[in-house]
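Descriptive analysis of the structure
Here are the chains, one letter per residue:
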Amino acid sequence: MRILGVLAVALLCAGCGERAADTHPAGHGPAVASSAEIRLTGGGVFSAPGPRASVIAYDTTLVPPGATARVTAESGAVLATSTVTVTGMLPGRTYGVHLHVNPCGLKPEDAGPHYQHAHAHASAQNEVWLDFTTDARGEAAATATRDWAFVAGRLPRSLVIHAEPTRTAGAEAGAAGPRVACVTLIRS
């Protein structure tokens, strides 16, 4: 009887711990694709860098006071679609725009490098580039869809606006000049 009791407890606990192994705080544990939808958002009026600022203008000559941005980055099991809409920017200007790995910070470089899906290679297929050219009112919108999903536990954390259009070829592929603004993305 004692052996049956021990065996019953062993069988009941056979699955113990499996659930805990599947859940990891963001950025920790195995990087596995999630079939659940991931939605990241951010936006508002650009402000000066500050400890609580999440929509930051680092260069107010290129991102004038009152300019706004709205960002969504969504992913299902096999596609990632990201959109940025801006108002109040300089009219008729092209900006380079990319998703980055860290939230915005006091300094432009705090957002870290570009978010890359599969490998350390800058390309429009491996990263999310959302360059836009503003109209006469300083408004623009851009959307990029990739044939891969964001990876749970390794999500983009910001959208960075650069001073120049993204270079698409050669050794400087992915470069877009100084970082002039940043929008922190949060999971919603």
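Residues numbered from 1 in each chain as written. Predicted model: local features only at pLDDT ≥ 70, side-chain atom pairs only at ≥ 80, totals over all residues. Heavy atoms only, no water.

**As for the state of the cysteines**
According to the stated counting rule, one finds one disulfide in the structure shown. The side chain of C104 participates in a disulfide bridge whose partner is C182; the two sulfur atoms lie 2.0 Å from each other. Its torsion about the S-S bond being -90 degrees, the disulfide of C104 and C182 is classed as left-handed. One end of the pair, C104, is in the loop between strand 6 (94–100) and strand 7 (132–133); the other, C182, is in strand 11 (residues 179–184), with 78 residues separating them in the sequence. Neither C104 nor C182 differs from the other in exposure class; each is buried. (Disulfide = S-S within 2.5 Å. Helix = DSSP H or I, 4+ residues; strand = E, 2+ residues; numbered from the N terminus. Buried < 20%, exposed > 50% of the residue type's maximum accessible area, 1.4 Å probe, protein only.)

**Here's the deal with the pattern of salt bridges**
Pairing is possible between side chains that carry opposite charge, provided their charged atoms lie close to one another. Tallied over the entire structure, the rule returns five salt bridges. The residue E164 makes a salt bridge to R167 at a minimum N-O spacing of 2.8 Å. Salt bridges here are not isolated pairs; linked through shared partners, they connect D135, R137 and E139. (Salt bridge = Lys/Arg side-chain N within 4 Å of Asp/Glu carboxyl O.)

**Here we look at the sheet that holds strand 4 (residues 68–75)**
In any sheet, the strands associate via hydrogen bonds between backbone groups, in a parallel or an antiparallel arrangement. Ordered by their spatial adjacency, five strands build an open sheet running 8-5-4-2-12, and the pairing between neighbours is antiparallel. Edge positions in the sheet fall to strand 8 (140–146) and strand 12 (186–187), since each has one partner strand and no second. In the sheet, strand 5 (residues 80–87) pairs with strand 8 via seven bridges, with the strands oriented antiparallel. Its bridge partner lying in strand 8, V84 is registered against A142. (Pairing = 2+ DSSP bridges.)

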